[in-house]
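As a plain string of letters, each chain reads:
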Amino acid sequence: GSLVWVWTVPVENAAFRVLPRRDGGGVWVNTNGSLGQPGWLFRVDWDGVYTEREIPFLSRDFQELPDGRIGTLVSELGLLGGSEVIVGDRIVEIGLDGDLTEIWNLFDDYPHDLGQIQRIESTESTSMRDWGHANGLFWDPDGEDYVISLANQETIVRVDGRTGALEWRLSDFEHASDFAFDEVLVDMPHSVQVLEDGSLLLFNRGQLCATVLQVALDMDAMVATGDWSHASSPCLVVPIMGQAVRIADGQTVISWSTAGVVDIVRPDGVTVWSLSLDLGAAFGFIEHREDLGLQGEPISP
């Protein structure tokens, strides 16, 4: 639980993900954009030197691809008429030359239905309604695909990272799922990870007590089945964010974000390590690394 490195985000927006860079020289940090503020992507060196990139409506999650490109979620705004704005989601890649390329757009595959839109943010002149609420983004090297969690659609989607084609949907709405299921599997999901065997590790925050669920996918029969789960104990309410990450030793790192707790849990459900923040503090996305490549003494806050 000791601090080994600290960097203060130089803008008011909260940082969502801190991702160690593939070159080992520091981290990437993003902040979420909104109507009133742009989003930012920071490239930070271990000595604190950084460069920044302003991206309008930069959203919650991103990944660094093996060749150095950045795949990120970006909000998409559409007009409903008058002052009503619908908020969708896109996958955008930032190339090595800095150019932005749209890979996938939610509106292409999910025409909006006003009956399922939530009012999320308003100003004196504009009211925003949330359609997909994409929040977790995972890049799967097997097929070079993106896997995204859509909280408001109770859906996980897999998108071809080269063509932008929607490959499949796993949803608790039967009419919107390509997989058959017999239990609730996707419940206000936040994070998604594709495991080595092709199953999905989800952080579901739809129930009173947040839950981590592993979902096995039978791609031949197109059937999805709950395979392993871990509920917070005692019950932790996580209305915002939350993440589960399976690490190399088979254990699962869980960020109960707004509860201010991170646990490491064995496959048998026993918690072997836990970290708690002070009341009112929260964790964003987490990234488990055994070695960050830091040299010298830890940096004090």
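Residue numbers restart at each chain and count upward from 1, following the sequence in its written direction. Totals for whole chains, interfaces and linings use every residue, but because this is a predicted model, local features are given only for residues with pLDDT of at least 70 and side-chain atom pairs only at 80 or more, for both listing and counting. Water and hydrogen atoms play no part in the side-chain values, which are based on all heavy atoms of the structure.

A. Highlighting the nonpolar core. Here, nonpolar core refers to any group of buried Ala, Val, Leu, Ile, Met, Phe, Trp, Tyr and Cys residues whose side-chain atoms link them within 4.5 Å. Relative accessibility under 20% of the residue-type maximum defines a buried residue, over 50% an exposed one, and the middle range a partly exposed one, all with a 1.4 Å probe and only protein chains included. If you look at the biggest cluster of nonpolar residues, it comprises 17 residues, and the most contacted ones within it are Ile91, Trp104, Tyr146, Ile148, Leu150 and Val157. At the level of elements, strand S7 (84–94), strand S8 (100–105), strand S11 (134–140), strand S12 (145–150) and strand S13 (155–160) are the ones that each hand at least two residues to this core. Residues in contact with isoleucine 91, not counting those within four places in the same chain, are Thr72, Leu73, Thr101, Glu102, Ile103, Trp104, Leu137, Tyr146, Ile148 and Val159. Counting 16 residues, the second largest nonpolar core, distinct from the first, contains Val194, Leu202, Val215 and Leu217. We count a stretch as a helix when DSSP gives it H or I for four or more residues in a row; a strand needs E for two or more, and each element gets its number in order from the N terminus. Contact between two residues is taken to exist if any of their heavy atoms lie within 4.5 Å; hydrogens are not considered.

B. A nonpolar patch on the surface, seen in detail. A grouping of Val270, Val272 and Trp273 is seen on the molecular surface, where their side chains present a nonpolar patch of about 240 Å² in accessible area. Residue placement: tryptophan 273 occurs in strand S22 (residues 271–276). Assessed through its relative accessible area of 36%, tryptophan 273 is described here as partly exposed. The patch calculation keeps residues exceeding 30% relative accessible area without a salt bridge and links them within 9 Å when they carry like charges or within 5 Å when they are nonpolar (Val, Leu, Ile, Met, Phe, Trp, Tyr). Here the accessible surface of atoms and residues is derived via Shrake-Rupley with a 1.4 Å probe, and residues count as covered only by protein chains that are part of the display. When a carboxyl oxygen of Asp or Glu is within 4 Å of a side-chain nitrogen of Lys or Arg, the pair counts as a salt bridge.

C. Representation of the environment of leucine 137 within the structure. By secondary structure assignment, the location of leucine 137 is in strand S11. Along the chain, leucine 137 and isoleucine 156 lie 19 residues apart, while their C-alpha atoms are 10.0 Å from each other. Excluding anything up to four places from it in sequence, leucine 137 contacts Asp61, Phe62, Gln63, Gly71, Thr72, Leu73, Ile91, Tyr146, Val147 and Ile148.

D. The arrangement of the side chain of glutamate 154 in detail. The residue glutamate 154 is located in the loop between S12 and S13 in this model. Two residue types count as positive, namely Lys and Arg, and two as negative, namely Asp and Glu; His and chain ends fall outside the count. Buried glutamate 154, no salt bridge; nearest opposite-charge side chain is arginine 205, N-O distance 9.1 Å.

E. Local environment of the sheet that holds strand S18 (residues 223–231). Strands pair, by our definition, only if DSSP identifies at least two bridges between them. One open sheet accounts for four strands, arranged S15-S16-S17-S18; its pairing is antiparallel. Taken across any chain shown, the strands that pair with only one partner, and hence form the sheet edges, are strand S15 (189–194) and S18. Geometrically, the sheet is characterised by an average inter-axis angle of 25° between neighbouring strands, direction not taken into account. Where strand S16 (residues 200–204) lies against strand S17 (residues 211–218), five bridges are found, and the strand directions are antiparallel. Angular values range over 0 to 180 degrees, each being the angle between N-to-C directions of two axes fitted as lines to C-alpha atoms, with helices fitted over their stretch in contact.

F. Molecular detail of the sheet that holds S11. Strand order in the open sheet formed by four strands is S11-S12-S13-S14, with antiparallel pairing between adjacent strands. At either end of the open sheet lies a strand with only one pairing partner, and these are S11 and strand S14 (166–171). Across the sheet, the mean angle from the axis of one strand to that of its neighbour is 15°, orientation sign disregarded. Note that S13 and S14 share five bridges and pair antiparallel. From the neighbouring strand, isoleucine 156 faces S14, where its bridge partner is leucine 170.

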